[in-house]
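# Examining the three-dimensional arrangement
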Amino acid sequence: MLLRLAFNSDNDFRGIHFFQSLSGPYNKLFSFGKMSLSRLNNPHLDTMSSDFLYHLNINVACSQNATDIEQQFGDIRVICTGGTQKRMKELAIYLRPILGIADNSEPVDLCESGQRYAVYKVGPVLCVSHGVGSSTFSVVLHELLKLVRYAKCEDVVFLRIGTCGGVGVEPGTVIVTEKAYNGCLENVHEFPILGRRVRRPAFFAQDVVEGILGVGNQPKDSFEIIKANTMATDCFYEGQGRIDGAVCEYSEDDKMKFLQKAHDLGIRNIEMEATMFSSLTRKADVKAGCICVALLNRLNGDQVTITMEQKHEFEQRPFIIVGRYITHLLK
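Residues numbered from 1 in each chain as written. Predicted model: local features only at pLDDT ≥ 70, side-chain atom pairs only at ≥ 80, totals over all residues. Heavy atoms only, no water.

## Considerations on the overall build of the protein chain
Heads up, the rule is: Secondary structure elements are taken from DSSP: a helix is a run of H or I of four residues or more, a strand is a run of E of two residues or more, and numbering for both begins at the N terminus. We call two residues in contact when some of their heavy atoms are within 4.5 Å. All accessible areas in this document rest on Shrake-Rupley with a 1.4 Å probe, and a residue is counted as covered only by the protein chains that are shown.
A tally of regular secondary structure across the protein chain gives 8 helices and 14 strands. Long-range pairs, those at least 24 residues apart, make up 74% of the contacts in the protein chain between residues at least 6 apart in sequence. As displayed, the protein chain has an accessible area near 15500 Å², and 51% of this comes from carbon and sulfur atoms.

## Some remarks on the side chain of R96
Short version of the rule: Summary of the burial criterion: residues with accessible area below 20% of their type's maximum are buried, those above 50% are exposed, and those between are partly exposed, where the area comes from a 1.4 Å probe applied to protein chains only.
Counting through the fold element by element, R96 comes out in helix α3 (residues 85-98). Judged by its relative accessible area of 9%, R96 is buried.

## Looking at the pattern of salt bridges
Formally: Any carboxyl oxygen of Asp or Glu within 4 Å of a side-chain nitrogen of Lys or Arg constitutes a salt bridge here.
This structure, assessed with the given rule, holds 22 salt bridges. E273 is paired through a salt bridge with R160; the nearest N and O atoms lie 3.0 Å apart. Here E273, found in the loop between β13 (267-271) and α7 (274-283), pairs with R160, found in strand β8 (residues 157-166); they are 113 residues apart in sequence, far enough to count as distant. With respect to class, E273 is no different from R160; both count as buried. Between R199 and E190 there is a salt bridge, and its shortest N-O distance comes to 2.6 Å. The network of salt bridges with common partners includes E186, E190, R197 and R199.

This is the structure:
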């Protein structure tokens with residue numbers, strides 16, 4: 001492991017850069033060409049001489065010729081994201097043998113100094129925590145998209161791995177999202193920019209959805225994986241129609257009618273990120289996919305009643321699917 005400290009021109013500390021120097025089969029196994037993501041639908045990036053990715057605490061000292069960033073991150077092919085640091089650390093450990101990396105050491109959080117998001121690098125894969133909801137996820141997603149641009153990564157695929165509430169599916173079912181709906185059951189991500197509401201289409205690339213399903217669904221599995229639509233809300237309680245929050249101004253019957261309406265639209269799970277994630281990656285012309293496991297069936301109640309052992313086992317299911325998909329991508 002090599003550590004590099006980055007300073008700007010006035011010697012003010014601006015961040016820490018890490019990169020792994022791996023020996024053995026790694027270099028032969030993951031040898032890719034490079035293709036710059038020259039545009040991210042932001043022409044202002046071309047005029048910037050440097051770019052401090054503040055929330056990751058990564059300083060791109062020369063954004064027009066970021067050779068140091070390319071050395072550190074240029075081999076990245078897949079960026080996996082998930083809510084918690086613990087889950088992403090576990091994913092990094094899980095992926096090591098799949099990627100042929102013999103390493104039993106404790107994974108290093110490359111962005112620990114930023115004290116916001118955790119980033120683990122395992123071969124050509126980054127495992128990044130994004131917190132809860134679209135607001136925290138959008139911050140790190142913007143900076144990750146810029147990072148792969150500066151690193152001149154080729155054909156990067158972004159994946160979100162998480163848990164969710166099912167809608168008419170059994171707990172433990174893995175859902176791969178096709179279309180993402182907001183809390184008003186619209187197939188868009190809506191948010192204000194410069195005082196006006198902007199609505200962007202929210203769906204994932206079909207080849208990514210089918211690719212995940214193609215390798216992820218195997219007869220030996222003890223669980224079901226389906227493709228379906230997802231509702232993403234800005235609130236875990238009222239926004240998702242729960243009646244167990246601190247405030248509730250609707251009835252159980254109102255809730256059930258809403259959930260049935262969602263079910264009629266092909267929505268089979270509810271979480272808090274899919275609309276933003278799908279719309280922003282599409283706007284950036286980057287392929288992405290969302291794989292979540294249901295912890296409960298919301299048509300049967302609002303409380304998670306599975307044991308912690310069951311929860312841990314369910315959380316491993318998206319790992320299995322993503323491991324197979326990454327293996328497929330890197331062939």
